[in-house]
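# Residue-level structure breakdown
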Amino acid sequence: MTGNGLIRRGSAVEGGFAYAGAVVAFLLVSLVASLIPAGEHADLVSYIATAVLQVCFFLAAFIPYKAMRSRPKYTYARPTVKSCLGGGAVTLVCLVAFYGLTSLFSLLLWAVGYEFAGSTDLTSPLGIVFSVLITIVLAPVCEEKLFRSGYLSSLEVLFGRAKSERRQTLSVICMCGLAFALIHARPEQTVYQFFFGAALAYLTIRTKSVFPAMIAHALNNAIGLVLSVPAVSAGMDAALTAVAGGWYFVLLFAVVSVGLAAGGVFALRRLINALGDGRPEQSFRTEGEHGFKNYADDGGSLACGVFSALALVACAALWIFNLVAGLVA
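## Structural notes on the layout of surface pockets
- In this structure, the second largest pocket spans a volume of roughly 560 Å³.
- Taken together, 21 residues form the lining of the second largest pocket, with Thr169, Leu170, Ile173, Tyr202 and Arg269 sitting closest to its centre.
- Secondary structure elements with two or more residues in the lining of the second largest pocket: α5 (165-184), α6 (190-207) and α9 (247-273).
- Take the lining of the second largest pocket: its biggest share by element is 7 residues, from α6.
- In the lining of the second largest pocket, the residues fall into 14 nonpolar, 2 polar and 5 charged.

Pasting the structure below:
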């Protein structure tokens, strides 16, 4: 509570600190994990490192708001059955719409000699248990807390002076999608993660809750695990190899993929708009519903911009490093 009895809504700076802190945690955890002589326990070390990283993501989103005694605009509160079911539908539309573009980019990487990272181990009981807990439970909760709660809330303030609401919304969801894609630093997944992250950002804005995005994220990861099953993965690899057998097939596949992506963007807009009526903030200093007040100022916005830019540069550098490592492997 503030002196005038209003709960202090977070400004731009909290999200900038959150994203920068998450990037630092990602680099530190990755470095420590790479220095541990795992040997035959390499998979276990990887699982533990991933779990620790997800907890760090949650803390990176929580600590700045706690320290500044503020609250992000978007929380897990107030979901509706309609919005939660709609979150699942958003995932299915994204998979249909953007999987083709993702496969095209993967084909391009494969053509230039990129060696793809190993898939999730689903051949042992330990691998299945850890994969389910981390991928379907921990990651959706922690990553949505970071990106669609802490960071998205601040991005709305950062772009609060856009000349039109449409431009403001587009800037917010694209920035959130880009940050989400780059921090994973997996070149073969970047295309899909960008579109999926942007869709979850728009879903959160319209439904005014992070919970539908968390459900969508969990369903997406569950489907990803199923696709990682060795038999399923082998079949899909064989299908992609067949597509890459002739330039005319690749061209046809590209045309269909672009068409699906364009239709998917239109379908997502219609679907998500039907789930709620939320919109980004209209100004830097406005009293909102339920007694909230936005205390953002130019200083906070500048800090958010600087920290976001530095974090994005660090993520882009790591993405390029992983790309080069895959090419020379």
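## Examining the packing of helix α1 (residues 12-35) against α5
- Between α1 and α5, the shortest axis-to-axis distance is 11 Å and the interhelical angle comes to 10 degrees. One way to sum up the angle between α1 and α5 is to call them roughly parallel. Between α1 and α5, the residues in contact are Tyr19, Ala22, Val23 and Phe26 and Ala179, Ile183 and His184, respectively.
- Split by residue class, the contact of α1 with α5 holds 6 nonpolar, 1 polar and no charged.

## Notes on the environment of Asn221
- Turning to its location among the elements, Asn221 is positioned in helix α7 (residues 211-227).
- Distance from Asn221 to Ile134, taken between C-alpha atoms, is 9.8 Å for residues 87 residues apart in sequence.
- For Asn221, the residues in contact, after removing those within four places along its chain, are Thr135, Ile136, Ala139 and Pro140.
- Within polar-contact distance, the side chain of Asn221 engages the backbone oxygen of Thr135 at 2.7 Å.

Definitions and limits used
Residues numbered from 1 in each chain as written. Predicted model: local features only at pLDDT ≥ 70, side-chain atom pairs only at ≥ 80, totals over all residues. Heavy atoms only, no water. 1 Å grid on protein atoms, 1.4 Å probe; cavity = no way out; pocket = protein on both sides within 12 Å on 5 of 7 lines; lining within 4 Å. Points joined across faces, edges and corners; volume = space filled by probe spheres on them. Helix = DSSP H or I, 4+ residues; strand = E, 2+ residues; numbered from the N terminus. Nonpolar A, V, L, I, M, F, W, Y, C, P; charged D, E, K, R; others polar. Axes fitted to C-alpha atoms, helices over the stretch in contact; angles between N-to-C directions. Parallel < 35°, antiparallel > 145°, perpendicular 65-115°, else oblique. Contact = heavy atoms within 4.5 Å. Polar contact = N/O pair within 3.5 Å; in protein donor to acceptor, adjacent residues only side chain to side chain.

Everything listed here is a matter of coordinates, which is why it stays silent on function.
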